[in-house]
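Tertiary structure, described
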Amino acid sequence: MENKESSSEYWDSRYRQEDIPWDKGDGAPPLAEFLAESSFGGRVLVPGCGYGHDVRLLARHGASSVGLDLSPSALTKARGFEPVGNEEYVSGDFFRLDEALRGTFEGVFEHTCFCAIHPSMRGDYVKAVAGALKEGGKLLAIFFVKIEDPDGPPYPVSSEEIDGLFDPLFETEKQWTPSKSFPGREGREQMRLMRKL
Ligand SMILES: C[S@@+](CC[C@H](N)C(=O)[O-])C[C@H]1O[C@@H](n2cnc3c(N)ncnc32)[C@H](O)[C@@H]1O
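Our subject in this report is the structure included herewith. Computed from a prediction, not measured in an experiment: that's the story for all the values here.

Attention now moves to the packing of aromatic side chains. Each aromatic ring pair is summarised here by two numbers: the centre-to-centre distance and the angle between the ring planes. All chains considered together, the criterion is met by 12 aromatic pairs. Between Y15 and W22 the ring centres are 5.6 Å apart and the planes differ by 75°, which places this aromatic pair in the edge-to-face class. Taking the relative accessible area as the measure of exposure, Y15 reaches 7% and is therefore buried. A relative accessible area of 24% places W22 in the partly exposed class. Aromatic pair F114 and Y125: ring centres 5.1 Å apart, planes at 75°, arrangement edge-to-face. Taken together, the residues F114 in the loop between β4 (105-111) and α5 (122-132) and Y125 in helix α5 connect sequence positions 11 residues apart. Given a relative accessible area of 2%, F114 falls into the buried group. A network of ring pairs unites the aromatic residues F94, F95, F114, Y125, F143, F166 and F170 as a single cluster.

Running from amino to carboxyl end, helix α1 (residues 8-16) crosses helix α4 (residues 72-79) at an angle of 50°, the nearest separation of the two axes being 7 Å. Considering the angle they form, α1 stands oblique to α4. Residue-level contacts link D12, Y15 and R16 of α1 to P72, S73 and A74 of α4. Of the residues that constitute the contact of α1 with α4, the class distribution is 3 nonpolar, 1 polar and 2 charged.

The subject of this paragraph is unusual backbone geometry. For the bond running from D167 to P168, omega is 10°, close enough to zero to count as cis. Located in the positive-phi region is E18, a residue other than glycine, with phi close to 55°. Relative to the elements of secondary structure, E18 occurs in the loop between α1 and α2 (29-37). Taking relative accessible area as the criterion, E18 reaches 65% and is therefore assigned exposed.

This part covers the site of the ligand. Taken together, 17 residues form the shell around the ligand, and within it Y15, G48, D69, D93 and T112 come nearest. Between the ligand and H111 there is a distance of 3.1 Å, counted from a nitrogen atom to a backbone nitrogen or oxygen. Burial of the ligand by the protein chains amounts to 96% of its free accessible area of 590 Å². In terms of residue class, the shell around the ligand is made up of 8 nonpolar, 6 polar and 3 charged.

Here the focus is the packing of α5 against helix α6 (residues 159-166). Here α5 crosses α6 at 55°, and the two axes come no closer than 10 Å. As summarised for this structure, α5 and α6 are arranged oblique, according to the angle between their axes. Seen along the crossing, α5 lies across α6 with a hand that is right-handed. Contacts from R122, G123, Y125 and V126 of α5 reach α6 at E161, L165 and F166. Its residues assigned to classes, the contact of α5 with α6 comprises 4 nonpolar, 1 polar and 2 charged.

About the thresholds
- Residues numbered from 1 in each chain as written.
- Predicted model: local features only at pLDDT ≥ 70, side-chain atom pairs only at ≥ 80, totals over all residues.
- Heavy atoms only, no water.
- Phe/Tyr/Trp six-rings, centres within 6.5 Å; stacked < 30°, edge-to-face > 60°.
- Buried < 20%, exposed > 50% of the residue type's maximum accessible area, 1.4 Å probe, protein only.
- Helix = DSSP H or I, 4+ residues; strand = E, 2+ residues; numbered from the N terminus.
- Axes fitted to C-alpha atoms, helices over the stretch in contact; angles between N-to-C directions.
- Parallel < 35°, antiparallel > 145°, perpendicular 65-115°, else oblique.
- Contact = heavy atoms within 4.5 Å.
- Nonpolar A, V, L, I, M, F, W, Y, C, P; charged D, E, K, R; others polar.
- Near = heavy atom within 4 Å.
- Polar contact = N/O pair within 3.5 Å; in protein donor to acceptor, adjacent residues only side chain to side chain.
- Areas by Shrake-Rupley, 256 points an atom, 1.4 Å probe, with all protein chains shown as cover.
- Left-handed = near helix turned anticlockwise from the far one by under 90°.

Encoded structure:
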């Protein structure tokens, strides 16, 4: 289904106009909290990376992180940050992942990409995550389970929907509510660590 969120022009114009309320200028607190206790290393893909704050946070913790986005303006800004480790930025559409990238990742980190795509694309999103990961690879995700305005983006998702969408390609190893979030997102996020079956 065609929708505005599928168009790179839609996202790029948001960045050009600096109409980017989702950008908080730093890596996601729930990711920082996770990485303080656990590792998420190897090759990690961050779809819809925007300015790449999470890409750099993962790289600082030892991952070879790859930020993917379909907005050239976002990627130009991301590439302008001082490198912190083994990170890179790639232009592309997550739903049409380059053959050279498919099946090459130990991890995918999701933050504010799933909630930004149209709900009709969610089945394709799950297939795209599975296609990016090696066998046994893991998805670490921050899902938005509570958003006041359901006409988004961002589009919220329920825990039950997550279960239905990712079954039978993934099993959930752990799910929890992060204790650290950006202001205004407290209690609205659900973290999941899921393994590709
Ligand atoms: C709400 S923004 C979040 C950006 C970043 N994760 C952050 O938290 O600052 C959604 C991002 O996903 C990107 N995006 C949307 N659909 C995409 C797709 N199919 N493939 C790659 N990137 C996509 C947009 O360009 C945008 O940068």
